[in-house]
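Residue strings, one per chain:
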Amino acid sequence: MKLLIVDDEEHVREGIELSIDWSKHGINQILMADNGLEALELVRQHHPELIISDMSMHIMDGPQFLEKLREEGWTSKVIVLSGYQQFTYTRATLLANGIDYLLKPFKISDLDQAIEKACKQIREEQQARLKELSNNFRLNEVNNIVNEQRFASLIEEEQNGSRAISDFLATLGIDPDRFYVITYLPRNKDAIVKQYYERDEQLFNFAVKNIIEELFTPLGAWYSLQYQSFIILFVSTRMLPDDIEKSVYRLQEAWQRTLRLSSFVGFRSVALAADKLQQVLLEEKSVILNSNVLSSSKQIEKSEASLFFIDKERVIVEAVRSKNKQYLHELVDEFTRELTAGGRLTLRELQHYTVEINLLLMRIYVQLSDDRFHATMPLWLAQMEEWSARLKQTFSDIVELIDYSKVESGSVQSIAAVRNYINDHMKEDITLASLAEQFHFSPQYLAKRFKEEYQTTIMNYLSQLRMDKACSLLVHTDLTIHEVAEESGFEELNYFSKVFKKHIGMTPTAYRKTYKP
């Protein structure tokens with residue numbers, strides 16, 4: 001709450017400031033002026049809720065100042081201080097929304113009581129105004145919801161003719177024979193609502209419409225509604241198309257500057273009639289779909305190789321089973337970097353990946369045997385940061401909500417599949433990296449899970465498997481040492497002999513002589 005102290009004597013102003021415990025009254029800012037003219041300027045700039053004013057001052061005295069307050073419609077509460085017992089001063093106080101009239105010299109306790117009384121009235125009136133605003137806003141929201149549902153029905157059902165659309169526009173106060181339609185797509189709405197509006201989407205929408213009202217009311221009749229993820233703005237005006245277009249982009253800038261809200265816009269700067277509405281909306285949506293979702297204007301040649309997030313299905317399932325949120329988030333970051341590497345990614349292209357990811361999510365839910373939730377990505381996310389954050393949150397929600405009693409065994413089976421692959425392909429060049437790529441695991445996760453399950457590392461397991469194979473061939477076949485090496489997965493004979501001696505304690509030749517029947 002703000003307080004303005006007006007007195008031409010500095011020691012009086014300072015005395016009032018130092019004598020009262022302002023925090024208990026909820027006053028956190030104190031302004032000062034030494035005459036009515038200066039005070040009036042401070043009122044216009046800062047809108048103080050409470051004013052303590054002397055009556056006898058130079059330049060502009062108290063009665064003149066209070067009269068100006070009344071003329072300009074200010075509702076600040078006023079406490080008058082005066083050394084004169086004159087009715088004209090008392091009358092000025094009453095006319096200026098006065099609370100009390102204290103004669104100098106006054107007691108600090110009397111001033112404190114007057115301040116307490118004024119602050120109480122201020123809070124009561126604020127609460128009453130907020131309640132009224134809230135009721136009006138909620139009533140408008142109900143009407144808006146009805147209109148938005150009606151609009152969606154008219155736009156999406158082909159059998160609805162232009163007559164029905166004309167009637168609908170007329171109910172909104174829009175001339176159905178001549179109007180403009182503007183399509184906005186908010187890009188970072190979720191983040192803004194969460195960070196600055198305490199997740200109150202209604203309050204955010206109220207702020208959005210206030211800015212529309214400020215910019216478009218001077219143009220003529222207007223109405224805004226939400227459709228899917230879009231803000232659709234109708235405007236009836238006789239102004240020139242160039243002036244409309246300037247306002248279209250001015251609104252974008254105002255949202256960005258005031259609300260930190262970025263947006264894409266589609267606008268056809270031609271007045272239209274109701275029968276063209278569906279066609280124009282499709283055209284404006286197409287413009288938005290071809291917009292670059294990346295903030296960087298730098299563009300490099302894209303690789304011809306296509307990216308497929310669905311290739312990560314196996315590793316995602318395993319990361320969920322192991323409750324590894326960090327790795328899931330790393331996967332999203334890696335895929336996001338790949339998508340943004342070229343410097344340009346249209347919303348249409350991003351939607352392609354969103355659809356693919358939603359299909360992948362449905363497959364994952366089936367594999368996890370849990371049908372309690374089917375969260376998917378919204379199609380019209382138009383900012384990479386928000387797209388990435390939403391996908392991370394979706395994966396985190398899966399990890400938190402999944403019933404692990406139904407899926408724990410699947411993790412063991414997947415690691416067993418890695419072991420079976422090693423058994424079947426031991427003659428090939430197998431590395432931790434190649435296995436990770438083959439089974440869509442991270443190398444770190446694969447190494448950790450394999451050791452947990454089989455109490456040995458992958459490479460030790462492979463080496464022991466090859467040694468067991470070599471020993472069996474040396475004892476039960478007449479293959480040459482070189483042939484035994486090849487069958488056991490070694491290309492070089494010398495390397496095979498060194499590894500064999502290290503593991504078995506003797507050369508392959510000595511082992512054959514010792515154990516072959």
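Above this text is the structure in question.
Predicted model only: the values in this text are computed from it and were never measured.

**Overview of a nonpolar patch on the surface**
Inference 1: Residues V355, L359 and L379 make up a contiguous nonpolar surface patch of roughly 250 Å² in combined accessible area.
Inference 2: Looking at the secondary structure, you find L379 in the loop between α13 (347-367) and α14 (384-401).

**Some thoughts on unusual backbone geometry**
As a rule of thumb, non-glycine residues mostly have phi less than zero, and peptide bonds are mostly trans rather than cis.
Inference 1: The backbone of H47 sits at a positive phi, close to 55 degrees, despite the residue not being glycine.
Inference 2: Note that H47 resides in the loop between α2 (36-46) and β3 (50-54).
Inference 3: Note on H47: relative accessible area 45%, which makes it partly exposed.
Inference 4: For R199, which is not glycine, the phi torsion reads 65 degrees and is therefore positive.
Inference 5: Within the secondary structure, R199 is located in the loop between α7 (189-196) and α8 (201-216).
Inference 6: A relative accessible area of 59% means that R199 is categorised as exposed.

**So, the pattern of salt bridges**
Side chains carrying opposite charge are able to pair once their charged atoms draw close together.
Inference 1: In total, this model carries 15 salt bridges according to the counting rule given.
Inference 2: Here K427 ties to E487 by a salt bridge, and the two come within 3.4 Å at their closest N and O atoms. Highlighted residues: K427 in the loop between α15 (408-424) and α16 (432-439) and E487 in helix α19 (residues 481-487), separated in sequence by 60 residues.
Inference 3: On the accessibility criterion, K427 (47% relative accessible area) is partly exposed.
Inference 4: The network of salt bridges with common partners includes E41, R44 and E72.

**Quick look at the nonpolar core**
Inference 1: With 78 residues, the main nonpolar core has F151, F234 and W387 as its most contacted residues.
Inference 2: Top element by residues in this core is α13. It accounts for eight residues.
Inference 3: Ignoring sequence-local partners within four residues, the contact set of F234 consists of F151, L169, L172, I174, F179, Y180, V181, A221, W222, Y223, L225 and L277.
Inference 4: In terms of nonpolar packing, the next biggest core, distinct from the first, is built from 26 residues, Y184, I212, A254 and F267 among them.

**Things to note about α7**
Inference 1: Among all positions in α7, only K189, I192 and V193 are buried. All buried residues of α7 fall inside an arc of 95 degrees around its axis, so they share one side. Of the residues in α7, the exposed ones pointing more than 90 degrees away from the buried face are K194 and Q195.
Inference 2: Where the residues of α7 are buried, they touch β6 (180-186), α8, β7 (221-227), α9 (241-259) and α14.

**Topic: the packing of α16 against helix α17 (residues 443-454)**
Inference 1: Relative to each other, α16 and α17 sit at 100 degrees, their axes nearing to 9 Å. By the angle between their directions, the pair α16 and α17 is classed as roughly perpendicular. In contact with L432, L435 and A436 of α16, α17 contributes P443, L446 and A447.
Inference 2: Its residues placed into classes, the contact of α16 with α17 shows six nonpolar, no polar and no charged.

Analysis parameters
- Each residue is numbered by its place in its chain's sequence as written, counting from 1.
- Per-residue local features of the predicted model are confined to residues with pLDDT of at least 70, and side-chain atom pairs are confined, for both listing and counting, to 80 or more; whole-chain, interface and lining totals are unaffected and use all residues.
- Excluded from the side-chain calculation are hydrogens and water; included are all heavy atoms of the structure.
- To count toward a patch, a residue needs a relative accessible area over 30% and no salt bridge; like charges are then connected within 9 Å, while nonpolar side chains (Val, Leu, Ile, Met, Phe, Trp, Tyr) are connected within 5 Å.
- In short, Shrake-Rupley with a 1.4 Å probe defines the accessible areas, and a residue's cover is counted only from the protein chains shown.
- Think of a salt bridge as a Lys or Arg side-chain nitrogen and an Asp or Glu carboxyl oxygen that are within 4 Å of each other.
- By definition, any uninterrupted DSSP run of H or I lasting at least four residues is a helix, any uninterrupted run of E lasting at least two residues is a strand, and each is numbered from the N terminus.
- Residue exposure (1.4 Å probe, protein chains only): buried if accessible area is under 20% of the type maximum, exposed if over 50%, otherwise partly exposed.
- Definition used in this section: a nonpolar core is a set of buried Ala, Val, Leu, Ile, Met, Phe, Trp, Tyr and Cys residues joined via side-chain atoms within 4.5 Å.
- It only takes one pair of heavy atoms within 4.5 Å for two residues to be counted as in contact.
- It is the directions from the helix axis to the C-beta atoms that the arc portrays.
- Inter-axis angles, ranging from 0 to 180 degrees, are taken between N-to-C directions of lines fitted to C-alpha atoms, where helices are fitted over the stretch in contact.
- Throughout this description, any angle smaller than 35 degrees is read as roughly parallel, any larger than 145 degrees as roughly antiparallel, any in the 65 to 115 degree range as roughly perpendicular, and the remainder as oblique.
- Amino acids outside the nonpolar list (Ala, Val, Leu, Ile, Met, Phe, Trp, Tyr, Cys, Pro) and the charged list (Asp, Glu, Lys, Arg) are all regarded as polar, and Gly is one of them.

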